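Inside the fold
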Amino acid sequence: MRKRGLIIVVFISLTVISSCDRTTKQNDSIQDDITVTQAVRLPMLTREQVVEDFDYLFQILSENYPFLDVNKRINGIDWVAKEQEYRAKFETINTMGYFESLLHDILGDLNNKHTKLVTLESYHSLLNVYKKNPKIYKPWIEALEDSTVVQRYNSMNNKKQNINSTSSYTYPSVKTVDLDENTAYIKIPTFADAEMKKGLSIITPYLQTISDKNKLIIDVRDNSGGTDEYWMALVEQIISEPITWTSYFLYRDGDYIKPFIESRLGVGYEDLPSLSELTKENKSIRLTPEIMNNFDKYLDATTTISPKQSIAYKGKIYLLVNDMVFSSSEAFSVFAKETKWATLIGERTSGDGIGTDPVVLKLPNSGFLVRFPLVMGLTSDGSINEEEKTIPHIIVDTTQTDNIHDDPVIKAVMNQEHSSNK
């Protein structure tokens with residue numbers, strides 16, 4: 001889940017459908033992997049219908065997905081060129097389980113952690129979050145509450161109950177500790193929206209005790225994101241004056257994403273500035289011919305964080321990162337490096353931290369939901385965050401040990417002089 005700032009603002013019914021008409025023979029029907037005794041029954045789909053779902057998915061991603069060329073450069077996968085290879089596999093499907101598995105496979109070829117099938121757990125989480133702001137998230141809610149989608153995810157819920165599945169993942173608690181008389185340490189395992197209140201209830205009182213320490217370590221290793229509001233609420237309690245930084249959101253001219261953009265921004269798509277204007281606004285920015293050819297509009301996403309009940313911390317700040325840092329924890333890393341707010345220590349991150357909530361795409365026949373990024377995010381100099389990620393100031397092995405003092409990153413911080421430059 002991503003919630004981002006726009007310009008300078010911090011942001012962050014069950015209908016049973018009837019059986020589909022079948023135009024192929026009975027043995028061409030795609031059986032759902034659900035027990036006969038379940039209360040919710042889905043109509044059987046034909047191979048033609050699951051191929052239609054694939055064709056629809058492929059068309060939408062081909063016209064709207066922002067990282068096709070990035071994936072080609074980094075991973076050597078020309079996703080669009082594999083259309084016939086993918087389609088041939090979907091033409092052999094005989095169960096919904098196989099269909100779901102193939103969807104996972106082809107989305108996995110895009111090598112982006114925001115691009116995936118929506119799970120049962122994330123379905124309910126997304127719906128709960130988006131319905132808090134129904135005006136902003138209208139297209140998302142409409143997709144999530146589509147009758148075919150509701151029936152699909154209710155069937156998954158029934159299946160989960162039948163196999164006595166365990167509850168969803170529980171995150172470790174925030175950890176705070178004084179590593180020595182001069183060094184404060186905060187470990188934040190996630191920026192998940194549901195964990196923010198509990199996490200800040202631990203962090204806030206601890207911050208009140210560290211003003212006299214000359215080192216503050218914030219550890220987000222293995223933090224795969226959540227909401228930017230979490231880390232911004234942390235920063236505003238530490239800083240002594242407002243901090244402003246700029247990134248850019250680039251949009252393709254795909255019809256599918258336009259309602260999402262307009263709903264999220266509150267402006268018409270055509271009212272956004274053309275990409276050609278960006279080089280006039282920022283004469284030092286680097287825009288490749290690929291970007292100029294494939295993207296149409298942009299948004300200057302300038303964000304400001306101001307102090308709030310702050311301790312006005314004067315010491316050195318270190319941010320520990322690794323290759324699991326992604327999404328909003330990546331946004332935190334970008335902020336910390338771009339503004340020189342902290343020294344980053346660890347490994348290159350996983351990227352895709354500059355942007356907004358991923359789009360939700362409903363497959364019309366099966367009701368499966370797919371998420372994919374809405375924008376290509378650029379740093380202030382025009383670097384593609386998904387491609388270049390964030391490289392720490394100090395590269396260190398990020399292995400985590402039972403004794404925190406043995407962690408290579410902790411040792412690297414302890415070896416830093418207080419007077420060193422950020």
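Note that the structure is predicted; figures quoted are calculated from it, not measured. Within each chain, residues carry numbers counting from 1 in the order of the written sequence. In keeping with the model being predicted, local features are shown solely for residues with a pLDDT of at least 70 and side-chain atom pairs are shown and tallied solely at 80 or more, while totals for entire chains, interfaces and linings include all residues. By convention in this description, side-chain values take in all heavy atoms of the structure and omit both hydrogens and water.

Another aspect to go through is the overall build of the chain. When helices and strands are counted, the chain shows 15 helices and 14 strands. Three exposure classes are used, based on accessible area relative to the maximum for each residue type with a 1.4 Å probe and protein chains only: buried under 20%, partly exposed in between, and exposed over 50%. Relative to its full complement of 422 residues, the chain shows a buried share of 53%. Areas reported here follow the Shrake-Rupley algorithm with a probe of radius 1.4 Å; residue values treat only the protein chains shown as occluding. Of the roughly 18,500 Å² of accessible surface on the chain, a fraction of 48% belongs to carbon and sulfur atoms. Segments assigned H or I by DSSP are reported as helices when at least four residues long, segments assigned E as strands when at least two residues long, and all are numbered from the N terminus.

A pair of strands is considered paired only if DSSP assigns at least 2 bridges between the two. On the basis of which strands lie adjacent, the open sheet formed by 3 strands has the order β3-β12-β11 and antiparallel pairing. With partners counted over all chains shown, the strands left at the sheet margins are β3 (116–117) and β11 (359–362), one partner each. Of the pairings in the sheet, the one linking β3 to strand β12 (residues 369–372) comprises 2 bridges and is antiparallel in character. Directly across from Leu117, in β12, lies its bridge partner Val370.

So, on to the nonpolar core. By convention a nonpolar core is built from buried Ala, Val, Leu, Ile, Met, Phe, Trp, Tyr and Cys residues, the set being connected through side-chain atoms within 4.5 Å. Leu250 and Tyr251 are the most contacted members of the largest nonpolar core, which totals 74 residues. Any two residues whose heavy atoms approach within 4.5 Å at even a single point are treated as in contact. Contact partners of Leu250, with chain neighbours within four places excluded, come to Leu275, Leu278, Ile291, Phe295, Lys297, Tyr298, Leu374, Val375, Met376 and Leu378. Membership of the second largest hydrophobic core comes to 38 residues, among which are Tyr206, Ala233, Phe335 and Trp341.

Counting buried residues along strand β9 (residues 316–321), 6 of its 6 residues qualify, which places the element largely inside the surrounding structure. Along β9, one buried face is formed by Lys316, Tyr318 and Leu320 and the opposite face, lined by Ile317, Leu319 and Val321, is buried too. Pairing of strand β6 (residues 215–219) with β9 involves 5 bridges; the strand directions are parallel. Bridge pairing links Leu216 to Ile317 in β9. Inspection of the sheet shows β9 paired to strand β10 (residues 343–346) by 4 bridges, in the parallel sense. Its bridge partner lying in β10, Tyr318 is registered against Thr343. Taking the sense of rotation as the criterion, the β-α-β connection linking β9, helix α13 (residues 328–338) and β10 turns out right-handed. Think of it like this: strands point away, you trace from the first strand over the helix to the second, and a clockwise trace means the crossover is right-handed.

Once that is clear, we can look at the sheet that holds strand β8 (residues 297–305). The sheet built from 3 strands is open, its strands ordered β8-β7-β13 with antiparallel pairing. Since the sheet does not close on itself, it has two edges, and those belong to β8 and β13 (376–378), each with one partner. In this sheet, neighbouring strand axes are inclined to one another by 30 degrees on average, regardless of whether the strands run parallel or antiparallel. The pairing of strand β7 (residues 243–251) with β8 spans 9 bridges and is antiparallel. Within β8, the residue paired with Phe249 across the bridge is Leu299. Here an axis means a line fitted to C-alpha atoms, over the contact stretch when the element is a helix, while the angle between two N-to-C directions is reported on a 0 to 180 degree scale.

Further remarks concern helix α4 (residues 96–108). In this scheme, a helix's expected span is set at 1.5 Å multiplied by one less than its residue total. End to end, α4 covers 18 Å across 13 residues, agreeing with the expected 18 Å (1.5 Å per residue, within 8%). Of the residues making up α4, those classed as buried are Met96, Phe99, Leu102, Leu103, Ile106 and Leu107. Taken around the axis of α4, the buried residues stretch over an arc of 130 degrees, which confines them to a single face. Throughout, the arc means the angular range of directions from the helix axis out to the C-beta atoms.

The element β6 is extensively covered by neighbouring structure, given that 5 of its 5 residues are classed as buried. Taking every second residue as pointing to the same face, both faces of β6 are buried, with Lys215, Ile217 and Asp219 on one and Leu216 and Ile218 on the other. Relative to β6, strand β5 (residues 183–187) is paired through 5 bridges, and the arrangement is parallel. Looking at β6, one finds that Thr183 is bridged to Lys215.

A separate point is the side chain of Ser383. Among the structural elements, Ser383 can be located in the loop between β13 and α14 (385–388). Not counting the four nearest positions on each side in its chain, Ser383 is found in contact with Arg286, Gly377, Leu378 and Glu388.

Next up on the list: the pattern of salt bridges. Every case where a carboxyl oxygen of Asp or Glu lies within 4 Å of a side-chain nitrogen of Lys or Arg is listed as a salt bridge. Using the criterion set out here, one finds 21 salt bridges in the structure. Two residues, Asp193 and Lys132, come together in a salt bridge whose shortest N-O distance is 3.6 Å. Taken together, the residues span a long stretch of sequence, with Asp193 in helix α8 (residues 193–207) and Lys132 in the loop between α5 (120–130) and α6 (138–144) at a distance of 61 residues. The residue Asp146 makes a salt bridge to Lys362 at a minimum N-O spacing of 3.3 Å. One end of the pair, Asp146, is in the loop between α6 and α7 (147–162); the other, Lys362, is in strand β11, with 216 residues separating them in the sequence.

Turning our attention to the packing of aromatic side chains. The geometry of an aromatic ring pair comes down to the distance between the two centres and the angle between the two planes. Any two of the Phe, Tyr and Trp rings considered here, Trp counted by its six-membered ring, make a pair once their centres fall within 6.5 Å; the pair's planes then place it as stacked at under 30 degrees, edge-to-face at over 60, or tilted in between. The full count for this structure, using the stated rule, is 24 aromatic pairs. Ring geometry for Tyr65 against Phe67: centres 6.0 Å apart, planes inclined by 90 degrees, an arrangement best described as edge-to-face. Assessed through its relative accessible area of 1%, Tyr65 is described here as buried. The rule for a charge over a ring is simple: NZ of Lys or CZ of Arg within 6 Å of the ring centre, and within 35 degrees of the ring normal. If you follow Lys113 out to its NZ or CZ, it ends over the ring of Phe326, 5.6 Å from the centre. Here Arg152 stacks its cationic end above the ring of Phe368, 4.7 Å away from the centre of that ring.

The subject of this paragraph is the confidence of the model for the chain. Values of pLDDT, ranging from 0 to 100, describe the predictor's confidence in every residue of the model. Per-residue confidence for the chain gives a mean pLDDT of 88, with 86% of residues at or over 70. Note on residues 3–27: pLDDT under 50 across the span, and 81 contacts to partners over four residues away in sequence or across chains. Note on residues 34–40: pLDDT is under 50 here. Beyond four places in sequence and across chains, it has 15 contacts.

Look at Asp222: it is not a glycine, yet its phi comes out positive at around 70 degrees. Tracing the backbone through its elements, the reader meets Asp222 in the loop between β6 and α9 (228–235). Of the residues examined, Asp222 reaches a relative accessible area of 39% and is grouped as partly exposed. Here the phi dihedral of Lys389 falls at roughly 60 degrees; this positive angle occurs in a residue that is not glycine.

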